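One letter stands for each residue in the lines below.
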Amino acid sequence: MPEGRLHDGFVPGRYGIDAYGDGGFRFAEMSHRGSILALPSGIHAWDPIAAAAIDAASLAPVLAEHEAIDLLLIGTGAEILPLPAALRQRLKAAGIGLDVMQTGAAARTYNILVAENRKVAAALIAVA
């Protein structure tokens, strides 16, 4: 995947994920190396490079848009890894449902739900 850049780490608008792999994602006719947050406001570059690094601070942009999100899909890479109970509770308290799965499955599910105009967001760890 050719290396692209987000504009200051953010592309406004709602886009499906066109492709994933090789350490990044393709969307909005561009590509980005690294992990992403796909939110109702747009797609953000996202720092975590491993599921173990996902915490409340890394999901702060999701929590900031909680009124526009009913479901958060988290793609934890090639393996499905659980999130800490406290983080799950924090999302639940904000009214956000959670589904954790491999990144590929999360990207495909996100695309289906976006096409259905659902209130969905995705936090996707890049995979090789």
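Residues numbered from 1 in each chain as written. Predicted model: local features only at pLDDT ≥ 70, side-chain atom pairs only at ≥ 80, totals over all residues. Heavy atoms only, no water.

### Some thoughts on unusual backbone geometry
And then number 1: Unlike most non-glycine residues, glutamate 29 shows phi in positive territory, near 60°.
And then number 2: Within the secondary structure, glutamate 29 sits in the loop between strand E3 (24-27) and strand E4 (30-33).
And then number 3: For glutamate 29, a relative accessible area of 83% translates into the label exposed.
And then number 4: Even without a glycine there, the phi angle at asparagine 117 is positive, about 60°.
And then number 5: Structurally, asparagine 117 is set in the loop between helix H3 (103-115) and strand E9 (120-124). (Helix = DSSP H or I, 4+ residues; strand = E, 2+ residues; numbered from the N terminus. Buried < 20%, exposed > 50% of the residue type's maximum accessible area, 1.4 Å probe, protein only.)

### Remarks on the pairing of E4
And then number 1: For E3 and E4, the ladder comprises four bridges, and the chain directions are antiparallel. From the neighbouring strand, arginine 26 faces E4, where its bridge partner is serine 31.
And then number 2: Two successive antiparallel strands, E3 and E4, enclose a turn made up of two residues, where alanine 28 displays a positive phi of approximately 50°. (Pairing = 2+ DSSP bridges.)

### Considerations on the environment of alanine 68
And then number 1: With respect to the secondary-structure elements, alanine 68 resides in the loop between helix H1 (60-64) and strand E7 (71-75).
And then number 2: Residues alanine 68 and isoleucine 96, spaced 28 residues apart in sequence, show a C-alpha to C-alpha distance of 9.4 Å.
And then number 3: Residues contacting alanine 68, with those up to four places away along its chain left out, are Pro40 and Lys119. (Contact = heavy atoms within 4.5 Å.)

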